[in-house]
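Single-letter residue listing:
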Amino acid sequence: MEENGSFSSQILIGITTSFFQDIYNEFPFDTIISQNEWTSEERAIENEIKTTFPNVNWNTFYDQFLIHPEDLPFSIQDLPNVFTAYRKKVEQSWDVKNCVELPMEKFTTVELSFSTEIPTLEDLGYESISIDNRSAFPFQGGENTALKHLKNYIWEFQQIKTYKETRNELVGINYSTKFSAWLANGSLSPRIVYQEVRKFEQEVTANESTYWVLFELLWRDFFKCVSLKFGDTLFYQSGILDRKYHWKQNPTIIQNWIEGKTEYDFVNANMLELKLTGWMSNRGRQNVASYFAKEKEQDWRIGASYFEAMLIDYDVHSNYGNWNYLAGVGNDPRDRKFNIDLQAKNYDSFHVFRNLWLTKNKVEV
C-alpha cells in the first residue's frame, strides 16, 4: 500500500536518480526547481535525489494547484471537511495567480552523450499495449498535445458550452474535457485552463457549463488540500475520518471486479474499459467504487491501488481522496451508496455503452 511504499515506486526511484545522475555528470547543477510534494511515495523519490545530491539547493512551489494554499481564505488546518463549504469560501475571491509568460529569448540546443528517449514498455520488461479503437480517450502525452486539445475543446469546437449537459455521458471522445491526464502529469496547468475559460466567458459566453469546468477544477484542488491537511491518513484503511469498518479481502470478488465479471453489466462494462484503455468516465468510477466498497465491502485500498496502476490520469490526491469519499471514510457527509441498476438506466438507458464493451469481438488498431 501507499503508506509502506510499493515495489513500483522503488523502481521509479532508481530510474529517476539514475536520470538525474546522467544529467549532473554532463551539466553539474547547483539548484533543482520543482513543485511541492507531500505524499509518502513522492517524498521518497525526492528524498533519494536529495541524498544523491546533498549540495544541491531545492526550490519548490505549489504549481499543481489552481489556487495556491497560501492564497486560500483559510489555513490548511482550517480547511472545511465538506466540499460545498470549501467551494463557497473560495469562490468569493477566486484568488488564482496569473500564469508567467515564457521568455522570448532563443533557447540553445545542446547534444547530450546519453539518451533522453522515454523508455518503452518493452524496455521496462512489459508487453506492448495496442490501442483499443473503442476508447473514449486515445491519449497522447506532452505539453504541445495538451495545449492543442485545450484550444480545440474550448475555442475550435466550443464543446465547453455544453459540458454540464454531456459530462455524464459514457461513449465518445468529446463528452467531457479530458484535461485530467495532462493535469495529472504536469503537461497542463490548471491556471492555464482557468484563464482560457475566463477568456471564453468574456469573449463568447458564460453559462452553467463554463462554470462547471471551473467547479471541477475546484474539486481537484479540494482533494489536494485534503491530503495536505490529513497527510498519510489518506492511505489508511480507516481513512481521514478514522472510521472503522470490517473490510473484507475476498480474492474471487476482487478478481471478478477487475475482470468485469460481476453481477452488474454496468460495472463490467466500465471495468473492461479501464482494463483495456486505462480510462473510465467519472460516472463509471463512482459506480464501480461504490460497488467494490459499499456493496461488496472489500478493502477500498485494493480498489484504489488498482486504479493507481491502471488510470492514465492517475493523480494521488484525487484518486485516494475520491476512494475515501466513496468508501465512507472521507469527505462525503451523506455516506451514499449508488443504486447501480438505476444508474445504468439513467445513464445508459439504450445499452449503448454496455453493448460497446461487452461485445465478444475486441477490435484493435
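Our subject in this report is the structure included herewith. Keep in mind it's a predicted model, so treat the numbers as computed, not measured.

What follows is about the overall build of the protein. Counting its regular elements, the protein contains 15 helices and 2 strands. Scaling as 2.2 N^0.38, a compact globule of 365 residues should have a C-alpha radius of gyration of about 21 Å, and the protein matches this with 21 Å. Counting only C-alpha atoms, the protein reaches 60 × 50 × 50 Å along its principal axes. Here the protein holds 365 residues, and the buried ones make up 45% of them. Expressed as a percentage of contacts within the protein between residues at least 6 apart in sequence, the contacts between residues at least 24 apart total 77%. Of the roughly 19500 Å² of accessible surface on the protein, 50% is carried by carbon and sulfur atoms. A distance of 9 Å separates the average location of the 37 positive side-chain charges in the protein from that of its 51 negative side-chain charges.

Located in the positive-phi region is Lys178, a residue other than glycine, with phi close to 60°. A relative accessible area of 2% means that Lys178 is categorised as buried. Phi is positive for His351, which is not a glycine, with a value near 60°. Among the structural elements, His351 can be located in the loop between α14 (340–347) and α15 (352–357). His351 gets classed as partly exposed once you look at its relative accessible area, which sits at 33%.

Taken together, the 5 bridges between strand β1 (residues 31–35) and strand β2 (residues 57–61) define a ladder with parallel strand orientation. Within the sheet, the bridge partner assigned to Ser34 lies in β2 and is Thr60.

Attention shifts here to the pattern of salt bridges. This model, assessed by the stated rule, comprises 19 salt bridges. One salt bridge in this structure joins Asp232 and Arg43, with 3.7 Å as the shortest N-O distance. Here Asp232 is found in the loop between α8 (208–230) and α9 (251–259), whereas its partner Arg43 is found in helix α2 (residues 40–52), with 189 residues between them in sequence. Residue classification places Arg43 among the partly exposed residues on the basis of a relative accessible area of 32%. The partner of Asp242 in a salt bridge is Lys244, with the nearest N and O atoms 3.2 Å apart. Taking the relative accessible area as the measure of exposure, Asp242 reaches 49% and is therefore partly exposed. Taken together, the salt bridges that share partners define one network made up of Asp265, Asp348 and Arg354.

What follows deals with helix α7 (residues 190–203). Taking 1.5 Å of rise per residue, 14 residues should cover 20 Å, and α7 covers 20 Å from first to last C-alpha, within 8% of that figure. Three or more residues of α7 are buried, namely Pro190, Arg191, Val193, Tyr194, Val197, Phe200 and Glu201. Where α7 begins, one side-chain oxygen reaches toward the backbone nitrogen of Arg191, 3.0 Å away; that side chain belongs to Ser189.

Our focus in this paragraph is the packing of aromatic side chains. All told, the structure shown has 39 aromatic pairs when counted by the stated rule. Ring centres of Trp257 and Phe307 lie 6.2 Å apart, and the angle between their planes is 10°; on these two criteria the pair is classed as stacked. Highlighted residues: Trp257 in helix α9 and Phe307 in helix α12 (residues 300–310), separated in sequence by 50 residues. Classification of Trp257 by relative accessible area gives buried; the value is 0%. Ring geometry for Trp257 versus Trp323: centroids 6.2 Å apart, planes at 80°, classification edge-to-face. With a gap of 66 residues between them, Trp257 in helix α9 and Trp323 in helix α13 (residues 316–327) connect regions that are remote in the sequence. The pair formed by Trp257 and Trp323 is uniform in burial state, with each residue classed as buried. Through a chain of ring-to-ring contacts, the aromatic side chains of Phe74, Phe83, Tyr86, Tyr211, Trp212, Phe215, Trp219, Phe222, Phe223 and Tyr325 assemble into a single cluster. The residue whose ring lies beneath Arg198 is Trp94, and the NZ or CZ to ring-centre distance is 5.0 Å. When the ring centre of Trp279 is taken as reference, the NZ or CZ atom of Arg285 above it lies at 5.1 Å.

Take the packing of α9 against α12 next. Between two packed helices, the angle of one axis relative to the other and the distance separating the axes together describe the packing. α12 packs onto α9 with a crossing angle of 30° between their chain directions and a minimal axis gap of 12 Å. For the pair α9 and α12, the sense of crossing is right-handed. Where α9 approaches α12, its residues Ile254, Trp257 and Ile258 are matched on the opposing element by Ile302, Gly303, Tyr306 and Phe307.

Where helix α11 (residues 282–295) meets α13, the closest approach of the two axes is 9 Å, and the angle between their N-to-C directions is 55°. Considering the angle they form, α11 stands oblique to α13. The handedness of the crossing between α11 and α13 comes out as right-handed. Two secondary-structure elements touch here, α11 through Arg285, Gln286, Ala289, Phe292, Ala293 and Lys294 and α13 through Trp323, Leu326 and Ala327. Its residues assigned to classes, the contact of α11 with α13 shows 6 nonpolar, 1 polar and 2 charged.

What counts as what
Residues numbered from 1 in each chain as written. Predicted model: local features only at pLDDT ≥ 70, side-chain atom pairs only at ≥ 80, totals over all residues. Heavy atoms only, no water. Helix = DSSP H or I, 4+ residues; strand = E, 2+ residues; numbered from the N terminus. Rg over C-alpha atoms; globule rule 2.2 N^0.38 Å. Buried < 20%, exposed > 50% of the residue type's maximum accessible area, 1.4 Å probe, protein only. Contact = heavy atoms within 4.5 Å. Areas by Shrake-Rupley, 256 points an atom, 1.4 Å probe, with all protein chains shown as cover. Lys, Arg positive; Asp, Glu negative; His and termini not counted. Charge placed at Lys NZ, Arg CZ, Asp CG, Glu CD. Pairing = 2+ DSSP bridges. Salt bridge = Lys/Arg side-chain N within 4 Å of Asp/Glu carboxyl O. Expected span 1.5 Å × (residues − 1). Polar contact = N/O pair within 3.5 Å; in protein donor to acceptor, adjacent residues only side chain to side chain. Phe/Tyr/Trp six-rings, centres within 6.5 Å; stacked < 30°, edge-to-face > 60°. Lys NZ or Arg CZ within 6 Å of the ring centre and 35° of its normal. Axes fitted to C-alpha atoms, helices over the stretch in contact; angles between N-to-C directions. Left-handed = near helix turned anticlockwise from the far one by under 90°. Parallel < 35°, antiparallel > 145°, perpendicular 65-115°, else oblique. Nonpolar A, V, L, I, M, F, W, Y, C, P; charged D, E, K, R; others polar.

The quantities given are spatial measurements derived from coordinates; they are silent on function.
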